[in-house]
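# Remarks on the overall topology
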Amino acid sequence: MIEILISIFVLIGGFFSLLGSIGILRLKDVYGRIHAATKSATLGVVATITGTFLYFLIIDGEFSGNILLTILFVFMTAPVAAHIISRSAHRTGIKLWEQSTVDELVDTYPEKERQLHQQAEKTERS
Amino acid sequence: MAFQILLNLLIAVVWMALQNSYTPVDFLFGYVVGIFVLLILRTVLRFDFYMRRVYAVFKLFLLFSKELIMANIDMIRIVLSPKLTNKPGIVAVPTRLSSDWEVTLLASLISLTPGTLSMDFSEDGRTIYIHNIDVPNREEMIKDIQDKFEKAILEVTR
């Protein structure tokens, strides 16, 4: 019985990791891919690690705190990495996907960096 | 608040000494006794009981877990739809939170829920620029983010 529960956790984790990979392939721009890579992975990691933790706790009867710490470290590092990658991508003038509706961030940039965005759009059109 | 936690730990240690057995279970029991002692003292000394904050943290955690699962289901729908019809966009979201610590927590929680990604802050740290994978309605999205996490974070810190 408990093995079925653990299997469900691990399978959910695998499913969300797979979904993240599909997202990386299908979404068109850097920002969408960051979404896919970091977000589906968070639930994937949490589910897989919960399954592993339950396995060691119930089957081996061993409380392994360092497995739980993995969740904490993933949750602490993933947003920072996503933030820095997307921020630097946008600052160096990488365009958003055509279907994007609003971009309120580019208006706040100083003149020099805004030009970088306009240049990138021109080269895209030509 | 730090004083209360220290007092609570002290009560737990005294409890262990009174029982003359130093096991984790005794410590835990002493801690629970300490919580009750503080609960009674609160009416006399008029301080803000710190377990209220612990409860608020717990509520924030539950809210975050719920959002994580709901947003992941949204993400499944977007990624697996045969044609990509989502409309991404970067939206400026003003926030009521003031200290650096609160804004950092809010930005991290926004980044961790799928579909939203905090990209940049304004100079004064009062506005977060959020990239959203699907923005059908700008005002609705801003209200959504403010309602969801801001209130829960304010309960923890104030």
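Conventions used here
Residues numbered from 1 in each chain as written. Chains lettered and ligands numbered in written order. Predicted model: local features only at pLDDT ≥ 70, side-chain atom pairs only at ≥ 80, totals over all residues. UniProt positions renumbered as here; feature names shortened; annotations may be inferred. Helix = DSSP H or I, 4+ residues; strand = E, 2+ residues; numbered from the N terminus. Buried ≥ 20, exposed ≤ 12 C-beta atoms within 10 Å, placed from the backbone. Contact = placed C-beta atoms within 7 Å. Nonpolar A, V, L, I, M, F, W, Y, C, P; charged D, E, K, R; others polar. Domains from an automatic or database assignment.

In the annotation of an unreviewed UniProt entry, the entry for chain B reads Multisubunit sodium/proton antiporter MrpE subunit, and the organism field reads Salsuginibacillus halophilus. Checking UniProt for chain B, the heading Sequence similarities (unreviewed entry) contains the comment "Belongs to the CPA3 antiporters (TC 2.A.63) subunit E family." Check the Subcellular location (unreviewed entry) section of the UniProt entry for chain B; it says "Cell membrane".

Named according to an unreviewed UniProt entry, chain A is Multisubunit sodium/proton antiporter MrpG subunit originating from Salsuginibacillus halophilus. Quoted verbatim from the Sequence similarities (unreviewed entry) field of UniProt, the annotation for chain A is "Belongs to the CPA3 antiporters (TC 2.A.63) subunit G family." If you open the UniProt record of chain A and go to Subcellular location (unreviewed entry), you find "Membrane".

### Structural notes on unusual backbone geometry
Excluding glycine, a negative phi dihedral is what most residues carry, and trans is how most peptide bonds are arranged. All names here are of chain B. Residues other than glycine seldom take positive phi values, yet Asn20 does so here, at roughly 60°. You can see Asn20 is positioned in the loop between α1 (2–19) and α2 (24–45). What makes Asn20 exposed here is the crowd of 7 C-beta atoms within 10 Å.

### Some remarks on the interface of chain B and chain A
Counting residues at the interface gives 28 residues for chain B and 32 residues for chain A. Sorting the residues of the side of chain B that touches chain A by element identifies α3 (51–80), β1 (89–94), α4 (100–112), β2 (116–121) and β3 (127–132) of chain B as the ones contributing at least two each. Top contributing element to the side of chain B that touches chain A by residue count: α3 of chain B, with five residues. Among the residues making up the side of chain B that touches chain A, the classes are represented as 17 nonpolar, eight polar and three charged.

### Structural notes on the domain arrangement of chain B
According to the domain assignment, chain B consists of domain 1 (2–45) and domain 2 (51–157). Look at where the C-alpha atoms of domain 1 of chain B and domain 2 of chain B centre, and you get two points 37 Å apart.

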